[in-house]
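Residue-level structural notes
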Amino acid sequence: MIFNTAYTPGTGYTNRWGAIYYNSTKSAINTYGGAVPENFITENQNYLFQLALNEPNVLYCTGNTKLIGSNFTFTPWEEATSGKGGAQSRNDDGTFTANADISAANKVWLIHNGSQYWNGNNWSNVGDNCFATWTDGHPYAIYTVKEVVTVTVTYKYCEEDGFELWEEDVEQAANSPVNVPASMQGGNMYSISTEGTIGTEDCEIYVKRTPNFTFDASVNFGNLKVKNDATTTETSAITEGQWYMLTQVRGSETPVYDTGSGNTLKRNPSAVSITQGTDPDTITQYLVRFFNTGTGDAKYIQFATGNFWNDMKSSASNATMFLVYPARNTSANYDGWAMNKTTDGTTYGDIVDNNGAGNTLAYWEKGQVSTGGNNVWKLYPVELIDPSATSTVELDYVIFDESGHQLARLANKLTGYVGEKVPELPAAYQNDFVTYTYSPSVVPPNNRIVGVTAHYNLPFELSEDPTSYDNAKWYLLTLREKFCTPYNAEDDEPILGHIGYYFSFGGNPVTGISVYSKFEEKYLEVGSSTDNYQADYSSEPTYFSIKKNDNQTNGFNLNIPGTNAYINLREGHISTWLSAAANGEVGSCLVAMTDADYMRMKVQKLEPYFHNYGMVGTLPFNSQINSSLYQMYMLLLPNPTLEGYEELKAAIHRNTIKLERDKYYIIRSAYSAFEAQQGETKTMRYNPATGTIIWGTEGDAPEYEVFQVRSNGSGNVLYNPMGGVYLNNVNGSVTSYSLGAETFSRDSVGIGQFNIFLARWAAPLHAHGHRSGAGVSGSLTNWAGGANTASAWYIIPQDITEIEMITPEGVADGEEVVQSFAHTEDGQLPPSAGLFTISEELSKGARLDTVASRRIAERVGYIVSGKKGERIPILPILRTPTTSVEVPAGNLLVAGDSTEQTGGFIVAYKKGDRLAKFWKMNRLTVPRNRAYLPAGSPTRGLERIFGGLGDIEDVTAIKDVNAGSENENANAPIYDLQGRRVTKAQKGGVYIINGKKVIK
């Protein structure tokens, strides 16, 4: 038996709940401090006790025969003490139930020598939880330890009709309840019921599953075989219940497969061909089908193994809902399907991607996909037929062009099923530039020949004799948008009419295309056995397979049939890339164009200038200029000429925005995925927390997003006024010194888009952590990339007002000056400036107060400090309709409004003075960008601010006293009293400047 305290822990007895045991080390009875797990008790015999049959009321420990006590009696525990209840209860099957409600019938007081209760107590320094006699003991529950008998239970998992799916053996206690294994639980796809009970002998329990869905998810292929080769992809609509093979082309094209229930789904390491006559039972792991869930557009996906697609794993009884919809794989150049996890049939959740480690599938980002790479999949329909239900015939295929010329005859016959659609031509004959019609279209019982007509839709015209100088159709040819000569592809524009740039095409898209050089008077030739096989020429044609390439309009690939050798641009040479990845890759993209096509293409490349404005390299926001240039463009487009193109191009470039030193800009990412994914644009900015230049959401911290282009003597450098720092590393680190900054250069990668290079790095600045457009913010790094990538940037001019600090004669260059100031809107001054207000302290009079934030409120008067002649930018701040800069409390300074003021004070420098002073005004016109102390302001205390009070009685004009306003008048037109404009005011004369009479 086991004695377990029935006292609930608490009120100082938290360590006295648990079973008692014999402590052989201390020769004492202890209690285990806490509820004891079953295996710990049964594997430690010192927890087991027995009463001797021949010695009533004498207690022995079965793990040690030592007599440990005598004269034990058991007194029933009264219900009145139920407030102390609660313990572990040992069940008949050997398990324990924690905190069981133990009845008084099996709960007792354990009494020694008739009067003292046994209780847990530390009384003789032999350790905690000692079992000792005490007059007020705890009740104990007695549990009888029984030998547990186990039996083998065979669980059989079955369909409703009794068809057995699999079985699993489990060891369980005799007479125990049915406990269905986890692998047979119903999940969200099935409900389960059981038949049978567990007794004292080995037995079988039948677990029957009932679908929770309306579609038929049973898989039984019977005599079915694959009808035709699975070579054509489905791109328009998914048929419910139709079997498909689902593939991806990263590295090489391979299918998804079921790795077994509970395991992560994977892509097969190698390609799998599903051919006519294949037994589907041998490829169940590669076959998938889709069922409508009834929840929006969501679908369940099932493998032919019977398992379902559950998140990224296979499951016998659970399935995840997915949205499956058309998308375009732009990197591998095909139309396919994207898949998103969904909870409601409408929300595009996690995207299914093939980018997991070890060929596993994984989720990548969220949201609907229109174009992509690793997350756009191919679906190959796999049609099945029962061969025993129809007869077959062997068919000969003969291919003709539309003129009836025979192009090819298949070497091997294809098997057709009588009455079914004739099998399509093998994959080797399929490409994007030819379609076929079959005659007959249905397999007849007798006719053994199928005539196939090929219909071409090539992006160029074939020449009957491509070698004919006069009769062949000649084309300019580009590779990766670079114009081809016989051996190279170059950035230089072609010389129209020069034979070195012209090629013709022969052959056909069924058996192969040949390429002939007008200059070499031979056919293009490359090898397929080695990578980077550079172009050569031969008198005998080499025939290439042709495939579509979407990187350009009318783009195409050429490759050696049956190989992965593709024509590709390699280090400026026409060469080969021996890789499946070259299919559809930008470096493999060829385009053929006539002279007229070429001129039209050149003119059309100017068209984006009329959609992008206000950035370096684009036209400004000037409707009159842009309208005139666009009219020139539209007149030229129908009949483009080289002369007209050059004239329009020159006119556009004369009017584009140029990068200028000392001007201000924001640098916005040109990565279009940011706006597509988040609806936001991203800009570079200074991060005061890290002391580095980073990128983040535009407008979140506008004062830190403004950069100024400066010169450090070696070239242009990027200066952040708010940080007071220069960029000096591609990782965003900065320096306070212009000479320590890295100069930058830029390369145009598109209209208004630039790669920005720092001097010591070959790759341009890049938005690290962009996460394909899902990144919110991140650091800078360097990485190669063209237009619309995370390495492309817009440089956008900013209209930043500057405070031009005055230049008093008495102040040395580089020393600090002060001047009054006001602005028409809220703004932020950089750390290089000081900002002050004047308030009144009752005991001391006027007081100069520092505005630590350097944030200015619109139409509020301030005093600003900075170096003599310095130009201080007023940076933008984050503004909302409900927020504005707080006006400094108690500020006595008032913004000027171009009206005459008398009686107040203005801070200014007298000619030759080193310190500014407060000068009394007498009909002084204060401009809107200046501030003053109005009449009635306290004079006490002004003597302690700057140079104190001025010694001239009053000021009627800024003449001998410099408050900075002469800078306003410096470029203003000057008129004499007769209204005639003069070039220079003579000393002693009276003139009208800015509408005021001024005595010089």
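Residues numbered from 1 in each chain as written. Predicted model: local features only at pLDDT ≥ 70, side-chain atom pairs only at ≥ 80, totals over all residues. Heavy atoms only, no water.

**A short note on the pairing of strand β72 (residues 905–910)**
Our working definition: Under the scheme applied here, a residue whose accessible area is under 20% of the maximum for its type counts as buried, over 50% as exposed, and between as partly exposed, the area being computed with a 1.4 Å probe on protein chains only. Put simply, DSSP H or I for four residues or longer makes a helix, DSSP E for two residues or longer makes a strand, and each gets a number counted from the N terminus. In short, DSSP must find at least two bridges between two strands for them to pair.
Most of β72 sits out of view: five of its six residues are buried. Linking two consecutive strands that pair antiparallel, namely β72 and strand β73 (residues 917–920), is a turn of six residues; a positive phi of about 95 degrees is found at G912 within it.

**Things to note about the side chain of K227**
Applied cut-off: We define a polar contact as two N or O atoms separated by no more than 3.5 Å, with the added condition that, inside protein, one atom must be a possible hydrogen donor and the other a possible acceptor, whereas residues neighbouring each other in sequence contribute only through side-chain atom pairs. Contact definition: two residues touch when any of their heavy atoms are within 4.5 Å.
Looking at where K227 falls in the secondary structure, it is placed in the loop between β18 (225–226) and β19 (244–248). Of note is the side chain of K227, whose polar atom sits 2.6 Å from the side chain of E420. Those residues in contact with K227 that sit more than four places away from it in its chain are Q276, E383, L384, I385, Y417, E420 and K421.

**Things to note about the confidence of the model for the chain**
Note the threshold: Summary of the metric used: pLDDT quantifies the predictor's per-residue confidence within the range 0 to 100.
Residues of the chain with pLDDT of at least 70 account for 81%, and the chain-wide mean is 84. This model gives residues 63–146 a pLDDT under 50, and the stretch forms 224 contacts once residues within four places in sequence are excluded. Low pLDDT, under 50, characterises residues 964–968; the stretch is placed with 11 contacts to residues that sit more than four places away or in other chains.

**Here's the deal with the sheet that holds strand β68 (residues 862–867)**
For clarity, the threshold we go by: Here the axes come from fitting lines to C-alpha atoms, over the contacting stretch only for helices, and the angles between their N-to-C directions go from 0 to 180 degrees.
Strands sit in the order β63-β68-β65-β66 across an open sheet of four strands; the sheet is antiparallel. Each edge of the open sheet carries a strand with a single partner, namely β63 (816–821) and β66 (845–850). The average angle at which neighbouring strand axes cross in this sheet is 30 degrees, direction not considered. Note that strand β65 (residues 834–841) and β66 share six bridges and pair antiparallel. Residue S839 lies in a different strand from β66, and its bridge partner there is R847.

**Brief notes about the sheet that holds strand β16 (residues 190–195)**
Read across the sheet, four strands follow the order β15-β14-β17-β16 without closing on themselves; strand pairing throughout is mixed. Looking at the sheet topology across the chains shown, the edges are occupied by β15 (164–173) and β16. Between one strand axis and the next, the sheet turns through 25 degrees on average, direction left out of account. Judged from the six bridges that link them, β16 and strand β17 (residues 203–211) form a sheet pairing that is antiparallel. Following the sheet pairing, I192 is matched in β17 by R209.

**A few points about the pattern of salt bridges**
Opposite charge on two side chains makes pairing possible when the charged atoms of those side chains draw close. The criterion, for reference: Within this document, salt bridges are pairs made up of a side-chain nitrogen of Lys or Arg and a carboxyl oxygen of Asp or Glu, the two lying within 4 Å of each other.
One pass over the full model with this rule turns up 31 salt bridges. A salt bridge links D550 to R328, with the shortest nitrogen-to-oxygen separation between them at 2.0 Å. In this pair, D550 sits in the loop between β45 (545–548) and β46 (556–559) while R328 sits in strand β26 (residues 322–329), placing the two residues 222 residues apart along the sequence. Taking the relative accessible area as the measure of exposure, D550 reaches 34% and is therefore partly exposed. Looking at R328, the relative accessible area reads 16%, which means it is buried. A salt bridge links K917 to D913, with the nearest nitrogen and oxygen atoms 4.0 Å apart. In this structure, a network of salt bridges that share partners links the residues K156, E164, E167 and E204.

**Examining a negative patch on the surface**
Just so we agree on the cut-off: Patch building starts from residues that exceed 30% relative accessible area and form no salt bridge, then joins like charges within 9 Å and nonpolar side chains (Val, Leu, Ile, Met, Phe, Trp, Tyr) within 5 Å. Using a 1.4 Å probe, the Shrake-Rupley method yields the accessible areas, and only the shown protein chains count as cover for residues. His is not counted, nor are the chain ends, whereas Lys and Arg count as positive and Asp and Glu as negative. Where a charge sits is defined by one atom per residue type, namely NZ (Lys), CZ (Arg), CG (Asp) or CD (Glu).
Residues E168, D169, E171, E201 and D202 make up a contiguous surface patch of negative charge. Within the fold, D202 resides in the loop between β16 and β17. Residue classification places D202 among the exposed positions, given a relative accessible area of 57%.

**Some thoughts on the nonpolar core**
Stated precisely, the cut-off is as follows: Side-chain atoms within 4.5 Å are what join buried Ala, Val, Leu, Ile, Met, Phe, Trp, Tyr and Cys residues into a set we call a nonpolar core.
By size, the foremost hydrophobic cluster in this structure holds 42 residues, and its most contacted members are M684, L765 and W793. When residues no more than four places from it in sequence are discounted, the contact partners of L765 are M684, L727, V730, I756, L758, T781, N782, A790, S791 and W793. If you look at the next biggest cluster of nonpolar residues, it comprises 33 residues, including I806, L835, V864 and V907.

**Focus on unusual backbone geometry**
Each neighbour pair has its own omega, and for S439 with P440 the value is 0 degrees, a cis peptide bond. Residue E365 is not a glycine yet carries a positive backbone phi of 60 degrees. Note on placement: E365 falls in strand β29 (residues 362–366). Looking at E365, the relative accessible area reads 16%, which means it is buried. Although it is not a glycine, R854 adopts a positive phi angle of roughly 60 degrees. Position of R854 among the secondary structure elements: in the loop between β66 and β67 (855–856).

**Description of the environment of R871**
Within the fold, R871 resides in strand β69 (residues 871–873). If sequence neighbours within four positions are ignored, R871 has contacts with Y664, E802, I803 and E804. Here E802 takes part through its side chain, which lies 2.6 Å from a polar atom of the side chain of R871. Of note is the side chain of R871, whose polar atom sits 3.5 Å from the side chain of E804.

**Details of the packing of aromatic side chains**
Aromatic ring pairs: the centre-centre distance and the angle between the two ring planes describe each pair. What counts here: Aromatic contacts are taken between Phe, Tyr and Trp rings whose centres are within 6.5 Å, Trp giving its six-membered ring; a plane angle under 30 degrees counts as stacked, one over 60 as edge-to-face, and the others as tilted. By definition, being over a ring means that NZ of Lys or CZ of Arg is both within 6 Å of the ring centre and within 35 degrees of the ring normal.
Scanning the model with the defined rule gives 31 aromatic pairs in all. Each ring, one from F213 and one from F215, has its centre 4.2 Å from the other, and the planes form 10 degrees; the classification is stacked. For the pair F213 and F215, a shared accessibility class is recorded, and that class is buried. Summarising the aromatic geometry, the rings of Y516 and Y523 are spaced 5.1 Å apart at their centres and angled 70 degrees between planes, so their arrangement reads as edge-to-face. A network of ring pairs unites the aromatic residues Y190, F213, F215, F291, Y300 and F308 as a single cluster. The ring of F674 is capped by K682, whose NZ or CZ atom sits 6.0 Å from the centre of that ring.

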